[in-house]
Amino acid sequence: MAKISINLATGSFQKEEIIVGIDLGTTNSLVAFINPDKNPQVINDAGKGILIPSVVYFNGQNEAVVGNEAKEYLTTDPSNTIFSVKRLLGRSYKDVAEHKDIFSYKIIDDDSDALVKIHAGDRFYTPIELSGEILKELKARAEHALKTPVNRAVITVPAYFNDSQRQATRDAGKLAGLDVMRIVNEPTAASLAYGIGLDPSQQKTIAVYDLGGGTFDVSILQIQNGIFEVLATNGNTYLGGDDFDRAILNYWLEKNNLDVAEVAQNNILMQTLRLQAEAAKKALSTQNLYNEQVGDIWCTLDKQTFEALISSKVEETITACKNALKDADLSVSDIDEVILVGGSTRTPYVKQAVENFFGKKPQDNINPDEVVALGAAIQADVLAGNRSDILLLDVTPLSLGIETMGGLMDVIIARNSKVPTKAGRQYTTSIDGQVNMKISVYQGERDLVRENRKLAEFDLKGIPAMPAGLPKVDINFLLNADGILTVQAIELRSGVKQEIEITPSYGLSDDTVEKMLLDSIEHAKSDVEQRMLIEARSEGEQLVYTAEGFIKKHAEHLTEAEIAETVSYIEALKTALATHEKDTILKKADDLNEFTRPFAERVMDAAISTAMKGKKIE
Ligand code: ADP
Ligand code: MG
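Report on the accompanying structure.

How each quantity is defined
- Residues numbered from 1 in each chain as written.
- Chains lettered and ligands numbered in written order.
- Predicted model: local features only at pLDDT ≥ 70, side-chain atom pairs only at ≥ 80, totals over all residues.
- Heavy atoms only, no water.
- Helix = DSSP H or I, 4+ residues; strand = E, 2+ residues; numbered from the N terminus.
- Expected span 1.5 Å × (residues − 1).
- Near = heavy atom within 4 Å.
- Polar contact = N/O pair within 3.5 Å; in protein donor to acceptor, adjacent residues only side chain to side chain.
- Areas by Shrake-Rupley, 256 points an atom, 1.4 Å probe, with all protein chains shown as cover.
- 1 Å grid on protein atoms, 1.4 Å probe; cavity = no way out; pocket = protein on both sides within 12 Å on 5 of 7 lines; lining within 4 Å.
- Points joined across faces, edges and corners; volume = space filled by probe spheres on them.
- Nonpolar A, V, L, I, M, F, W, Y, C, P; charged D, E, K, R; others polar.
- Pairing = 2+ DSSP bridges.
- Contact = heavy atoms within 4.5 Å.
- Axes fitted to C-alpha atoms, helices over the stretch in contact; angles between N-to-C directions.
- Core = buried A, V, L, I, M, F, W, Y, C linked by side-chain atoms within 4.5 Å.
- Buried < 20%, exposed > 50% of the residue type's maximum accessible area, 1.4 Å probe, protein only.
- Salt bridge = Lys/Arg side-chain N within 4 Å of Asp/Glu carboxyl O.

**Observations concerning helix 4 (residues 127-146)**
Residues spaced three or four apart along an α-helix point in a common direction, a consequence of the helix completing one turn every 3.6 residues.
Here is step 1: Here helix 4 is 20 residues long and its end C-alpha atoms lie 28 Å apart, about the 28 Å a rise of 1.5 Å per residue gives.
Here is step 2: Backbone geometry just after helix 4 places Lys147 at a positive phi near 55 degrees.

The structure is reproduced here in structure tokens:
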């Protein structure tokens, strides 16, 4: 049923509700919409600015403050001021541990696969909740500026976001009360903003170079017949303008003969210098010298020194461009146009490096920090049915597959496959009379699943008892345009079937999101502990099962002593499981994993040398 609403700002009737486009950035976020003249336009609510810093501050009453106002607390109350939350979205502590130094607030230090939480005030927050706070602010500003309710949105994500991160972004939208119509890759949105491909007769191959505050990605898109196809993506989710700021900061500390470790103790001073470094960097986009003082610390920087400081980082982005071209099977001369995205492309040295590599002047006439939101608004317009001539295709950034015997990764949908896509393969059982089959879905590029990310696991139950190798189980993967995966398993002889839609393990179901809204956050700490225990237990139990199966199955690859020792590690883990102590369980599971890791590799080598037919799932 179509709703009729009136835009109070313009007095005009709108047949459909406005669907806004949102660039939920690591550093800055913003909203755009299609104005009554049918042009994309960024929202500047009450002149408060277009870019809203993606910063959330929690005051003494645990109330969230978002944007510029929150950014000010980076210096005065850094431990309660959360920035760069996008880097934590859909991430486990293990994923971010390597980079934890960059955060001045407390990320719960739990070296596990569990979702990270952030401590601020006297509460714990998930990155989904924090991104939800940012989206709530964006929604409120859009509603205030447009004078109409805003309930639907298109949200962009970096091309490198995996399924968990995309799902987490959706969940954040949901928490903010938004119906997220589509998750769109940022480079796709940027090319839309430049209008490339809007004319169906146009055929072009373009490169989108996006250097923001925290992430870098380059995408090669092919556009023909109004169809956008991402041929390849490459980049680094830990490379951006923040790195430039850090390089400047370290340079100043050195120049002032200050000990980094000592200054690092002083959170407030560190943040003040960080902001000063950013100011210097921005100034050097238009001038040759920056000269300021913080207390008795001299903050002086000339353009040439700045360029020397960042040259290796910029070089890294160029290497990524090379790799993307290689993945796309193209050379520089095949690229018709280069688009610059992200505030950091305002640095002349970056622009020049891109121009030198591609051998042509990049497009930069649209503001690089607005271009993604503007494109998202155009995508929203497409979804509203106003531009039915455009179709959008994206690629999946990481391979998707299932676990097969011995903990091997069997890829079903390869990295860089175009989405939507469908693929399947046939498997069989490994045990006589086996009636259940555990299907574990993973994402990643490594040969052993334990090195990859587990997305989900389910049992295909009720397979009629047959000798091993007889059942035929088809496993089909369907990846939709949002990057959401549906896995279906069907035993062909009996027709037994099971299907799941992957809410990746860190994502949240609709019910959970609702529960999050209602549950008193006071219980967050005990909830986290309980969940961690449950996760540790199921991990431990699964490990016992896998290890026991493994030594039975692969006895010929192991010595008697190795088997005996594995059994004692398994027993130790079983004892730990009975204690219900998370850390003990994790420790024993880890010991067992460590001890048996070489075996798995040994078996993998054996498996590779014996070309297997009809792969088996334990
Ligand atoms: P994100 O996509 O990560 O949210 P943005 O596209 O908003 O980020 O870019 C933010 C980055 O751009 C920050 O590192 C900021 O310091 C940098 N930036 C903004 N303006 C300039 C400028 N004039 N010169 C150089 N860097 C800039
Ligand atoms: Mg961005």
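**Considering the site of ligand 1**
Here is step 1: What surrounds ligand 1 is a group of 18 residues, the closest being Thr27, Gly213, Glu278, Lys281 and Ser285.
Here is step 2: Here an oxygen atom of ligand 1 and a backbone polar atom of Thr26 are 3.2 Å apart.
Here is step 3: At a separation of 2.7 Å, an oxygen atom of ligand 1 approaches a polar side-chain atom of Glu278.
Here is step 4: About the coverage of ligand 1: the protein hides 91% of its 580 Å² of free accessible area.

**Re the layout of surface pockets**
Here is step 1: For the second largest pocket, the calculated volume is near 750 Å³.
Here is step 2: For the second largest pocket, the lining is made up of 38 residues, of which Thr27, Asn28, Gly212, Gly213 and Gly343 are closest to its centre.
Here is step 3: Along the lines of polarity and charge, the residues of the lining of the second largest pocket split into eight nonpolar, 17 polar and 13 charged.

**Some points on the sheet that holds strand 12 (residues 123-125)**
Here is step 1: Strand order in this open sheet of three strands is 10-11-12, and the pairing throughout is antiparallel. Either end of the sheet is taken by a strand with one partner, and the two such strands are strand 10 (106-107) and strand 12.
Here is step 2: Summarising the sheet, strand 10 and strand 11 (residues 118-120) pair through two bridges and their orientation is antiparallel. The residue of strand 11 that forms the bridge with Lys106 is His119.
Here is step 3: Helix 4 rests against strand 11 and strand 12 of the sheet, and its axis sits at about 85 degrees to strand 12.

**Looking at the nonpolar core**
Here is step 1: Counting residues in hydrophobic clusters, the biggest one holds 51 residues, and the most contacted among them are Val20, Ile22, Ile82, Leu88, Tyr105, Leu130 and Leu135.
Here is step 2: Element by element, the count of residues in this core is highest for helix 4, at seven residues.
Here is step 3: Sequence-distant contacts of Tyr105, that is, excluding residues within four places in its chain, are made with Pro78, Ser79, Thr81, Ile82, Phe83, Ser84, Val85, Leu88 and Ile118.
Here is step 4: Among the nonpolar cores identified, the runner-up in size contains 43 residues, and Leu249, Leu273, Val314 and Leu325 belong to it.

**Thoughts on the pattern of salt bridges**
Here is step 1: Within this structure, the stated rule accounts for 20 salt bridges.
Here is step 2: Glu186 serves as the salt-bridge partner of Lys86, at 2.9 Å between the closest nitrogen and oxygen. Here the residue Lys86 occupies a position in the loop between strand 9 (81-82) and helix 3 (93-96), and Glu186 occupies one in helix 6 (residues 186-193), the gap between them amounting to 100 residues.
Here is step 3: On the basis of relative accessibility, which here comes to 7%, the residue Lys86 falls in the buried class.
Here is step 4: When its relative accessible area of 4% is taken as the criterion, Glu186 is described as buried.

Just geometry here; none of it tells us what the structure is for.
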